[in-house]
Amino acid sequence: MTATPAGMTYANYLKLDQLLSAQQPLSQLHDEMLFIVIHQTKELWMKEMLHELKLAVRLIGEDRFAEAYKAMARVSRIQAVMTLSWDVLSTLTPVDYLAFRDVLGTSSGFQSAQFREIEFRLGLKNPAFLEQHAEGSIERDRLEAALGEPSLREAATGALERAGFDIGDGSVEALAAAWLEVYRDAERWFDLYELAEKLVDIDDALASWRHKHVLTVERIIGNRPGTGGSAGAPYLRATLEKRVFPELWSLRTAL
Ligand code: HEM
């Protein structure tokens, strides 16, 4: 264990001087502080989610399910807090926001590298999003690493295969058929069954976060285009269809 430096204080340990000097509104307007704090807290929670997701992937790869569930449960709780926090942001009225929106320029949550890394590490690996980050940047390197490493979906598929299930060509249909066998004999395959339900918890919570985001966006900017250059709410509504584990959703119809 690392020795604690003598005279350690709360502020030293948490690097509060750095943390609390990172809120620097560009306008003189009262509400910009909330906008900054909400984004920064979400980035911090995303950092912790990534920390837990990497652990969960490793543990599932070693068939250490009970330990993986603990990390995954933590991810789900963080997602719930992140979804709830949209209610704080929705106290920002359209008038409040439009007053300082210009200072954002072309910056947008669309460029959040941690959000994209979460998608990649869950299993939504779309390399097109790499283009948001310059080659050689830290963000791009992290995203490329995440693309090359096993995602939660790949780790779960690996566990299914090790347990002897035929995953065929690895397509959504083939995976749904394999998971269906698990659900039909849940007592026998309880570890995998519980794993699948934890994965659905995370997918469900991600969809809820997306849903609350688009509602908040519609409430604040209506159907204006986004600062990141997309159509705005229509783009975000299209992302509501995304599922990390489509096979775990489709099997329910066949059960
Ligand atoms: C007034 C508040 C907000 C508005 C009006 C807003 C608006 C938008 C819009 C219009 C987009 C689509 C891309 C674009 O053209 O810019 C977007 C994407 C995104 N925003 Fe927000 N946003 C807000 C707050 C937040 C917050 C607090 C976060 C938290 C980190 C966030 C994270 C994201 C992410 C991750 C995306 C990409 C989603 C995807 O591609 O699936 N946004 N936002």
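Our structure's up above, just so we're on the same page.
Let us look at the structure shown here. (Residues numbered from 1 in each chain as written. Predicted model: local features only at pLDDT ≥ 70, side-chain atom pairs only at ≥ 80, totals over all residues. Heavy atoms only, no water.)

### Thoughts on the side chain of Thr 157
Position of Thr 157 relative to the elements: it lies in helix H9 (residues 152-162). Once residues lying within four places of it in the same chain are set aside, the contact partners of Thr 157 are Ile 167 and Leu 175. (Helix = DSSP H or I, 4+ residues; strand = E, 2+ residues; numbered from the N terminus. Contact = heavy atoms within 4.5 Å.)

### Overview of the coordination of the iron atom of the ligand
Among protein residues, the single donor to the iron atom of the ligand is His 213 (NE2), with a metal-donor distance of 2.3 Å. Along the polypeptide, His 213 turns up in helix H11 (residues 190-221). (Donors = N, O, S within 2.8 Å, 3.2 Å for Na, K, Ca; no water.)

### Notes on the site of the ligand
Around the ligand sit 27 residues, and of these Ser 108, His 213, Gly 228, Ser 230 and Tyr 235 come closest. Arg 210 is positioned with one of its side-chain polar atoms (N or O) 3.2 Å from an oxygen atom of the ligand. Between His 213 and the ligand, the recorded distance is 3.0 Å, taken from a side-chain N or O atom to a nitrogen atom. Elements supplying a minimum of two residues to the shell around the ligand: helix H3 (32-61), helix H5 (86-89), helix H7 (113-122), H11 and helix H12 (233-239). Class assignment for the residues of the shell around the ligand results in 13 nonpolar, eleven polar and three charged. (Near = heavy atom within 4 Å. Polar contact = N/O pair within 3.5 Å; in protein donor to acceptor, adjacent residues only side chain to side chain. Nonpolar A, V, L, I, M, F, W, Y, C, P; charged D, E, K, R; others polar.)

### Observations regarding the environment of Ala 205
When you line up the elements, Ala 205 lands in helix H11. Ala 205 sits in the buried class, given a relative accessible area of 15%. With residues near it in sequence (within four places) discarded, Ala 205 still touches Gln 79 and Thr 83. (Buried < 20%, exposed > 50% of the residue type's maximum accessible area, 1.4 Å probe, protein only.)

### Re the packing of aromatic side chains
On inspection of all chains with the given rule, the structure shows eleven aromatic pairs. Each ring, one from Trp 86 and one from Trp 209, has its centre 5.3 Å from the other, and the planes form 50 degrees; the classification is tilted. In this pair, Trp 86 is assigned in helix H5 and Trp 209 in helix H11, connecting sequence segments 123 residues apart. Trp 86 sits in the buried class, given a relative accessible area of 7%. Note on Phe 190 and Tyr 193: the rings are 6.0 Å apart at their centroids and 55 degrees apart in plane angle, and the pair reads as tilted. Pair noted here: Phe 190 and Tyr 193 are both in helix H11, with a separation of three residues, about one helical turn. For Phe 190, a relative accessible area of 43% corresponds to the partly exposed category. Since its relative accessible area comes to 27%, Tyr 193 is described here as partly exposed. Grouping aromatic residues by their ring pairs yields a cluster made of Phe 35, Tyr 97 and Phe 100. (Phe/Tyr/Trp six-rings, centres within 6.5 Å; stacked < 30°, edge-to-face > 60°.)

So yeah, pure geometry; function would need other evidence.
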